[in-house]
Amino acid sequence: MHTEQSETLYKKACTLMPGGVNSPVRAFRSVGRTPLFIRSAKGDRLLDEDGNEWIDYVCSWGPGILGHAHPVVVEKVRQAALDGLTFGAPTKKETELAELIRHCMPSMEKLRLVNSGTEAVMSAVRAARGYTGRDKIVKFRGCYHGHSDGLLVKAGSGALTGGVPDSGGVPASYTEHTLVASYNDRQSVEDIFRAYGEEIACLLVEPVAANMGVVLPEEGFLAFLREITARYGTVLLFDEVITGFRLGLGGAQAYYGIRPDLTTLGKIAGGGMPLAVYGGRQEIMDCVAPLGEVYQAGTLSGNPIATTAGIATLSLLMEHTEIYEEIEAKAALLAAACQNRRGMWVNRVGSLLSVFFTDEPVRDYDSAASSNTDIYASYFNHMLENGIYVAPSQFESMFVSAAHSEEDVERTADCIRDFAMA
């Protein structure tokens, strides 16, 4: 495998961008390599600048549920581009996409289109605060909700500890109202609400955690969150940027049968273009300007190219619902290659999975963090050397798409088994 072009490009990029990348995990630092520079992608394959081809399980971190460069989506986007890239004015396509989303997720009675998951969550939290008149929010350790200041928080020494910034450049005052609980730990949530319940505007959760690797909610955990937030008049906010349209047309909320008050979407919702969504109960969303006093705006929000890609992608998923059964079956084959292997643990739901290098069940941040990241780096490099591209970090997810052939999935499973037996 030759990577000279990628290495040369990376050296140049490092003179122009921090770490040579525009998002930190792309730098490959945790796996001891320099990053691959991708030239193009088609179906389930990536082609890098050195001409190497890879079976791709990153899928642009989730949007690529149909595979790369799906011909229907690409043609729709091409046609839309001929009419103009952005208008900064309402378009018919915004309403069409909003209707599709609400049809799939009825909890989103009203919604707003924005440009990124970070922006969607930031705006949804602001709407929850405006609606309740409260300041505090609850998040879970290990759940990532974008890089807005108030959410870059790690837990302190106890469940009731106020948020400590997890990034330079974030004043402590920005996170003083962020309380951190432990995922799948009901008692930590009970303790926070017992102390601060009347001050909590919203509880924010990934219904399936997918940013500490995939961690599934234990039976009854999401129902418990629904009950305790209702009891205290707190907004329940599901961050479905990853799980939305990934676990099914109705997302995790339909999969687990829980109706949140607010939801954020991204990735698949934009069909691979920069687009995200926040929305929920009408009375909450009506607090957003110009109807209410909660301000949010964006020059490129709902732009016609991104909405075109979103409409095309969701329409294909709605027309071909069998895709969900097919990609889940493929993901199950990959998970089976890891199961009952000493030193390996796999979590999977639908077409979303993670391989952890630990003997212990992974159910929360602490158990995920106990994974052996050195072994993961070896695993990553083994897969890469065999033409398979997985996430360059232990704490990311593996995505299966409709474009993955059964032959490629079997090849990948064999490669996993080879590493496990080495």
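Definitions and limits used
- Note on numbering: residues in each chain are counted from 1, in written sequence order.
- Totals for whole chains, interfaces and linings use every residue, but because this is a predicted model, local features are given only for residues with pLDDT of at least 70 and side-chain atom pairs only at 80 or more, for both listing and counting.
- With hydrogens and water excluded, all non-hydrogen atoms of the structure serve as input to the side-chain values.
- Where helices and strands are cited, they refer to DSSP runs of H or I of at least four residues and of E of at least two residues respectively, numbered from the N terminus.
- Radius of gyration: C-alpha atoms only; globule rule: 2.2 Å multiplied by the number of residues to the exponent 0.38.
- Contact between two residues is taken to exist if any of their heavy atoms lie within 4.5 Å; hydrogens are not considered.
- With residues, only the protein chains shown are counted as cover, and all accessible areas are computed by Shrake-Rupley using a 1.4 Å probe.
- When DSSP finds at least two bridges between two strands, those strands are taken to pair.
- Angles shown run from 0 to 180 degrees and are taken between the N-to-C directions of axes, each axis being a line fitted to C-alpha atoms and, for helices, limited to the stretch in contact.
- Residues belong to one nonpolar core when they are buried, are Ala, Val, Leu, Ile, Met, Phe, Trp, Tyr or Cys, and are joined through side-chain atoms within 4.5 Å.
- Buried, partly exposed and exposed residues are distinguished by accessible area as a fraction of the type maximum, computed with a 1.4 Å probe on protein chains only: under 20%, between the cut-offs, and over 50%, respectively.
- pLDDT measures how confident the predictor is about each residue, on a scale from 0 to 100.
- Working definition: a ring pair exists when centres of Phe, Tyr or Trp rings (six-membered ring for Trp) sit within 6.5 Å. Plane angles under 30 degrees give stacked, over 60 give edge-to-face, the rest tilted.
- We call a charge positioned over a ring when the NZ of a Lys or the CZ of an Arg lies within 6 Å of the ring centre and within 35 degrees of the ring normal.
- Salt bridges are defined by distance alone: a side-chain nitrogen of Lys or Arg within 4 Å of a carboxyl oxygen of Asp or Glu.
- The disulfide criterion used throughout: a pair of cysteine sulfur atoms within 2.5 Å.

Trainee: Tell me about the overall build of the chain, residues and numbers included.
Mentor: In terms of helices and strands, the chain carries 14 helices and 16 strands. Relative to its length of 422 residues, the chain is compact, with a C-alpha radius of gyration of 21 Å against a globular reference of 22 Å. Judged by the C-alpha coordinates and their principal axes, the chain covers about 60 × 55 × 45 Å. Sequence separation of at least 24 residues holds for 71% of the intrachain contacts in the chain that already meet a minimum separation of 6. Of the roughly 18100 Å² of accessible surface on the chain, a fraction of 50% belongs to carbon and sulfur atoms.

Trainee: Tell me about the environment of Met105, residues and numbers included.
Mentor: Mapping Met105 onto the fold places it in the loop between helix H3 (92-104) and strand E4 (110-114). For Met105 and Phe245, which are 140 residues apart along the polypeptide, the C-alpha to C-alpha distance reads 9.5 Å. The contact partners of Met105, leaving out residues within four places of it in the chain, are Gly244, Phe245, Leu249, Gly250, Gly251, Gln253 and Leu265.

Trainee: Give a description of the sheet that holds strand E16 (residues 398-399) that names residues and reports values.
Mentor: Across the sheet, three strands lie side by side as E13-E14-E16; this open sheet has antiparallel pairing. Looking at strand neighbours, the two that pair on one side only are strand E13 (345-349) and E16, the edges of this open sheet. Bridge analysis of E13 against strand E14 (residues 352-356) gives five bridges, and the strand direction is antiparallel. Among the inter-strand pairings, Trp345 is bridged to a residue of E14, identified as Phe356. The strands touched by helix H11 (residues 322-338) within the sheet are E13, E14 and E16, with E13 carrying the most contacts at an inclination of about 170 degrees.

Trainee: Could you give an account of the nonpolar core, with specific residues and numbers?
Mentor: The nonpolar side chains of a soluble globular protein tend to be buried, and buried together. Ranked by size, the top nonpolar core spans 68 residues in total, and within it Phe245 and Leu317 carry the most contacts. The contacts of Leu317, once residues within four sequence positions are left out, are Ile65, Leu66, Phe245, Leu249, Ile268, Ile323 and Tyr324. Phe140, Met212, Leu222 and Tyr232 belong to the second-largest nonpolar core, a separate cluster that totals 27 residues.

Trainee: For the confidence of the model for the chain, give the residues involved together with the corresponding values.
Mentor: Confidence in the prediction of the chain, expressed as mean pLDDT, is 94, and 97% of residues score 70 or more. Contacts of residues 155-163 to residues separated by more than four positions or lying in other chains number 19 contacts, the stretch itself having pLDDT below 50.

Trainee: Now, about the packing of aromatic side chains: what can you tell me, with residues and values included?
Mentor: Counting across every chain of the model gives 13 aromatic pairs. When the ring of Phe221 is compared with that of Phe224, the centres are 6.5 Å apart and the planes differ by 35 degrees; the resulting orientation is tilted. One end of the pair, Phe221, and the other, Phe224, are both in helix H7 (residues 221-232), three residues apart, so they sit about a helical turn from each other. Both residues of the pair, Phe221 and Phe224, count as buried. Seen in terms of ring centroids, Tyr376 and Tyr379 are 5.4 Å apart; in terms of plane orientation they differ by 55 degrees. Their pairing is tilted. Taken together, the residues span about one helical turn, with Tyr376 and Tyr379 both in helix H13 (residues 373-385) at a distance of three residues. Residue class for Tyr376 comes out buried when judged on its relative accessible area of 6%. Taken together, Phe140, Tyr183, Phe221 and Phe224 form an aromatic cluster joined through their ring pairs. Sitting over the ring of Tyr196, Lys136 keeps its end group 5.2 Å from the ring centre.

Trainee: If you had to explain the pattern of salt bridges to someone new, which residues and values would you point to?
Mentor: Enumeration over the complete set of coordinates arrives at 20 salt bridges. Across the salt bridge formed by Asp261 and Arg226, the nearest N and O atoms sit 2.9 Å from each other. Of this pair, Asp261 sits in the loop between helix H8 (251-256) and strand E11 (262-265) while Arg226 sits in helix H7, and the two are 35 residues apart along the sequence. Residue Asp261 is classed as buried on the basis of its relative accessible area of 6%. Put simply, Arg281 and Glu283 hold a salt bridge, and the shortest N to O gap is 2.8 Å. Residue classification places Arg281 among the partly exposed residues on the basis of a relative accessible area of 21%. It is possible to trace a salt-bridge network through shared partners that takes in Asp44, Arg45, Glu53 and Asp408.

Trainee: Help me get a handle on the state of the cysteines, residues and values and all.
Mentor: Across all of its chains, the model carries zero disulfides by this definition. Lacking any disulfide linkage, Cys59 is separated from the closest cysteine sulfur, that of Cys338, by 16 Å. Free of any disulfide, Cys338 has its nearest neighbouring cysteine sulfur in Cys415, separated by 11 Å. With relative accessibility at 0%, the residue Cys338 sits in the buried group.

Trainee: Which residues make up the side chain of Thr3, and what values do they have?
Mentor: Secondary-structure assignment places Thr3 in the segment before helix H1 (4-14). Excluding its chain neighbours within four sequence positions, the residues that come into contact with Thr3 are Leu36, Asp50 and Asn52.

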